[in-house]
Amino acid sequence: MSVRDHFRAHGRKRMELEATLLDQEGRARGVTIRDLGLGGAGIEVLERDISAAAGNELTPDTSVTLEVTTPSLWDPLRLNGTVAWIRRGTPGGRRTRAGIRFEHHDAGTLLSLFQILT
């Protein structure tokens, strides 16, 4: 899809918020949320080199959970989603970035996300 044909149904708010990304096997990695909206998030993976040999490879269409802790919530907010896109980092250089598309199944989670955004 070309950039000109791309659109988002929901806007994103730029931010810098630490979070944890959990894969299907429950492995956790530290991430920084760079932008957040009701439909998804742009993240930056804190590790510089994510190797497939280590079993930590992120790929598009992988199911993940983004766990966000904020001072305004009692418990961490767990947002289920899918990796929509990924841009690989370079060893010793830029970090890996990815887009997460949320899959909302619970009105309470959606309301908590809305509270973070306002």
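Up top is the structure these notes are about.
In this report, the structure presented in the accompanying data block is examined. Predicted model, so just to flag it, every value in this text is computed and none were measured. Each chain has its residues counted from 1, following the order in which its sequence is written. Residue-level local features of this predicted model are given only where pLDDT is at least 70; pairs of side-chain atoms are given and counted only at 80 or more, and the full residue set underlies all totals for whole chains, interfaces and linings. As a convention, hydrogens and water are excluded, and side-chain values are obtained from all of the structure's heavy atoms.

## Brief notes about the overall build of the chain
Strands are runs of DSSP state E lasting at least two residues, helices are runs of H or I lasting at least four, and both sets are numbered from the N terminus onward. A tally of helices and strands in the chain yields one helix and six strands. With a 1.4 Å probe rolled over the protein chains alone, any residue whose accessible area is under 20% of its type maximum counts as buried; one over 50% counts as exposed, and the rest are partly exposed. Sorting the 118 residues of the chain into buried and exposed places 38% on the buried side. The contacts of the chain with a sequence gap of at least 6 include a subset with a gap of at least 24, amounting to 49%. Entry remark: accessible area of the chain is about 7200 Å², with carbon and sulfur atoms responsible for 52%. Between two residues, a contact is recorded if the distance between any of their heavy atoms is within 4.5 Å. Only the protein chains shown count as cover for residues, with accessible areas throughout obtained via the Shrake-Rupley method and a probe of 1.4 Å.

## Structural notes on a positive patch on the surface
Two distance rules govern patches: like charges are joined within 9 Å, and nonpolar side chains (Val, Leu, Ile, Met, Phe, Trp, Tyr) within 5 Å, applied only to residues with over 30% relative accessible area and no salt bridge. Salt bridge, as used here, is a side-chain nitrogen of Lys or Arg placed within 4 Å of a carboxyl oxygen of Asp or Glu. The positive count covers Lys and Arg only, the negative count covers Asp and Glu only, and His and the chain ends enter neither. In this description, the location of a charge corresponds to atom NZ of lysine, CZ of arginine, CG of aspartate or CD of glutamate. Together, Arg14, Arg87, Arg94 and Arg97 make up a region of like positive charge exposed at the surface. Structurally, arginine 97 can be placed in strand β6 (residues 97-102).

## Re the pairing of strand β5 (residues 77-87)
Sheet topology note: the strand β4 (residues 63-68)/β5 ladder contains six bridges and is antiparallel. Looking at the pairing, glutamate 67 lines up with arginine 78 of β5. In this analysis, strands are considered paired if DSSP registers two or more bridges between them. When β5 meets β6, the two strands line up antiparallel, connected through six bridges. Of the residues in β6, the one forming a bridge with isoleucine 86 is alanine 98.

## Observations regarding the sheet that holds strand β2 (residues 28-36)
The sheet built from six strands closes into a barrel, its strands ordered β1-β2-β3-β6-β5-β4 with antiparallel pairing. For this sheet, the mean inter-axis angle between neighbouring strands, taken without regard to orientation, is 45°. Both β2 and strand β3 (residues 40-45) contribute to a ladder of five bridges, which runs antiparallel. Residue pairing for β3: leucine 36 is matched across the bridge by alanine 41. With axes taken as lines fitted to C-alpha atoms, and helix axes fitted only over the stretch in contact, angles between N-to-C directions fall between 0 and 180 degrees. The strands that helix α1 (residues 107-117) touches are β1 (13-22), β2, β4, β5 and β6; relative to β5, the one it contacts most, it runs at about 70°.

## Quick notes on the packing of aromatic side chains
Pairing of aromatic rings covers Phe, Tyr and Trp, the last counted by its six-membered ring, and requires centre-to-centre distances within 6.5 Å; plane angles under 30 degrees mean stacked, over 60 mean edge-to-face, and any other angle means tilted. In total, this model carries zero aromatic pairs according to the counting rule given. Geometrically, a charge over a ring is one whose NZ (Lys) or CZ (Arg) sits within 6 Å of the ring centre while staying within 35 degrees of the ring normal. Taking NZ or CZ as reference, arginine 87 lies 4.4 Å from the ring centre of tryptophan 85, over its face.

## Observations regarding the pattern of salt bridges
Using the criterion set out here, one finds six salt bridges in the structure. With its nearest N and O atoms 3.0 Å apart, the salt bridge here joins arginine 27 to glutamate 25. What makes arginine 27 partly exposed here is its relative accessible area of 36%. Where arginine 78 meets glutamate 67, a salt bridge forms, and the shortest distance between an N and an O atom there is 2.6 Å. Placement of the pair is arginine 78 in strand β5 and glutamate 67 in strand β4, with a sequence separation of 11 residues. Looking at arginine 78, the relative accessible area reads 44%, which means it is partly exposed.

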